[in-house]
Amino acid sequence: MHTRKQTTVRLNEEEITFLRVYGKGRVTEAIRELIAEKKGAIEQGEESQKTPEGRFYDCLLLPADSRLRDTYCAFLELFIESGERLASLDYLAPALIGRTGFDEGTIRKHFRKLASLKFVKSEGLLFRPTLRLKQEVPVDMLRKLYLEFADFLKARGNYRDVSGDLWGEIFA
C-alpha cells in the first residue's frame, strides 16, 4: 500500500484553470494524470527526443557547482571540436572566456578546482577532460552518445550566410 503525503504547490490562476479543465474540475486528479503520462513517456523512451547534447550530458556525472559545470562543459566541447587534442590553458582561455563569460583569472581558478576534483587531467602544461560515467549507463551507450554529440558539435558550426543576398534583394 502506498502512503500519500500532502504537498503544497503555488500555481497562478491560468495553471489552476488549465488543471480544472484537464481534470474535469478535479485539480488533484489532473495532476496525478499528468504525472502518470510523464512517467509513461519516460518508460517508453519518449525522452529520447532530447538533443544530442542533452542525451550526452545526461549520462555523465558533472561538477555540482554550476560555475564549474559551465567551465567544464565549455572545455569538453572545445576538446571534442578540436578533434580530442590536448591543449594548453593559454591557448584555450580566449575561447573559454567567450563561451562562459568568466574572466581569465576565474577560468584558471576553475581549472585548478576541476583538476583537484579530477574532472580535468593535466599532462604537463596540457589539459584534457575526464568523463565520469553514471553507474547505470553502459560504456557502449556512452561511446554511441559521444560520437553523436561530436557530430552534433561539428555540424553546429556549419551554416550558410545569406544576409548578403537578403540585404541585396531588400535594398535593390
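Every value quoted in this text rests on a predicted model; they were computed, and no experiment measured them. (Residues numbered from 1 in each chain as written. Predicted model: local features only at pLDDT ≥ 70, side-chain atom pairs only at ≥ 80, totals over all residues. Heavy atoms only, no water.)

1. Examining helix α4 (residues 66-81)
Item 1. The end-to-end C-alpha separation of α4 is 22 Å, in line with the 22 Å expected for 16 residues at 1.5 Å each.
Item 2. All of the buried residues along α4 are L68, T71, Y72, C73, A74, F75, L76, E77, L78, F79 and I80.
Item 3. In this structure, the buried side of α4 is in contact with α3 (52-58), α5 (89-100), α6 (104-116), β2 (120-123), β3 (126-129) and α7 (139-156).
Item 4. Where α4 begins, the side chain of D65 points an oxygen toward the backbone nitrogen of R67, at a separation of 2.9 Å. (Helix = DSSP H or I, 4+ residues; strand = E, 2+ residues; numbered from the N terminus. Expected span 1.5 Å × (residues − 1). Buried < 20%, exposed > 50% of the residue type's maximum accessible area, 1.4 Å probe, protein only. Contact = heavy atoms within 4.5 Å. Polar contact = N/O pair within 3.5 Å; in protein donor to acceptor, adjacent residues only side chain to side chain.)

2. Concerning the packing of aromatic side chains
Item 1. Per the stated rule, a full pass over the model turns up nine aromatic pairs.
Item 2. Between Y72 and F119 the ring centres are 5.5 Å apart and the planes differ by 65°, which places this aromatic pair in the edge-to-face class. Placement of Y72 in helix α4 and of F119 in the loop between α6 and β2 is noted, with a sequence separation of 47 residues between them. Grouping residues by exposure puts Y72 and F119 together as buried.
Item 3. Taken together, F56, Y57, Y146, F149 and F152 form an aromatic cluster joined through their ring pairs.
Item 4. The side chain of R132 reaches across the aromatic face of F119, ending 4.0 Å from its centre. (Phe/Tyr/Trp six-rings, centres within 6.5 Å; stacked < 30°, edge-to-face > 60°. Lys NZ or Arg CZ within 6 Å of the ring centre and 35° of its normal.)

3. Let's talk about the sheet that holds strand β1 (residues 87-88)
Item 1. Pairing is antiparallel across the open sheet formed by three strands, whose spatial order is β1-β3-β2. Both outer strands of the open sheet, β1 and β2, are each paired with one neighbouring strand and no more.
Item 2. Where β2 lies against β3, four bridges are found, and the strand directions are antiparallel. When the sheet's bridge partners are listed, E123 is paired in β3 with L126.
Item 3. Docked against the sheet, α4 engages β2 and β3, running at close to 100° with respect to β3. (Pairing = 2+ DSSP bridges. Axes fitted to C-alpha atoms, helices over the stretch in contact; angles between N-to-C directions.)

4. As for the environment of G54
Item 1. Following the sequence through the fold, G54 ends up in helix α3.
Item 2. By relative accessible area, G54 is classed as partly exposed at 21%.
Item 3. In this structure the C-alpha to C-alpha distance between G54 and F149, which are 95 residues apart in sequence, comes to 9.1 Å.

5. Observations regarding the pattern of salt bridges
Item 1. Scanning the model with the defined rule gives nine salt bridges in all.
Item 2. For R67, the salt bridge is made with D65, and the minimal N-O distance between the two is 3.0 Å.
Item 3. Exposure remark for D65: the relative accessible area of 28% places this residue in the partly exposed category.
Item 4. The partner of E77 in a salt bridge is R99, with the nearest N and O atoms 3.5 Å apart. (Salt bridge = Lys/Arg side-chain N within 4 Å of Asp/Glu carboxyl O.)

6. Remarks on unusual backbone geometry
Item 1. Non-glycine residue E84 carries a positive phi angle of around 55°.
Item 2. Mapped onto the elements, E84 comes out in the loop between α4 and β1.
Item 3. A relative accessible area of 37% means that E84 is categorised as partly exposed.
Item 4. Positive phi is not limited to glycine here, since K118 has a value of about 70°.

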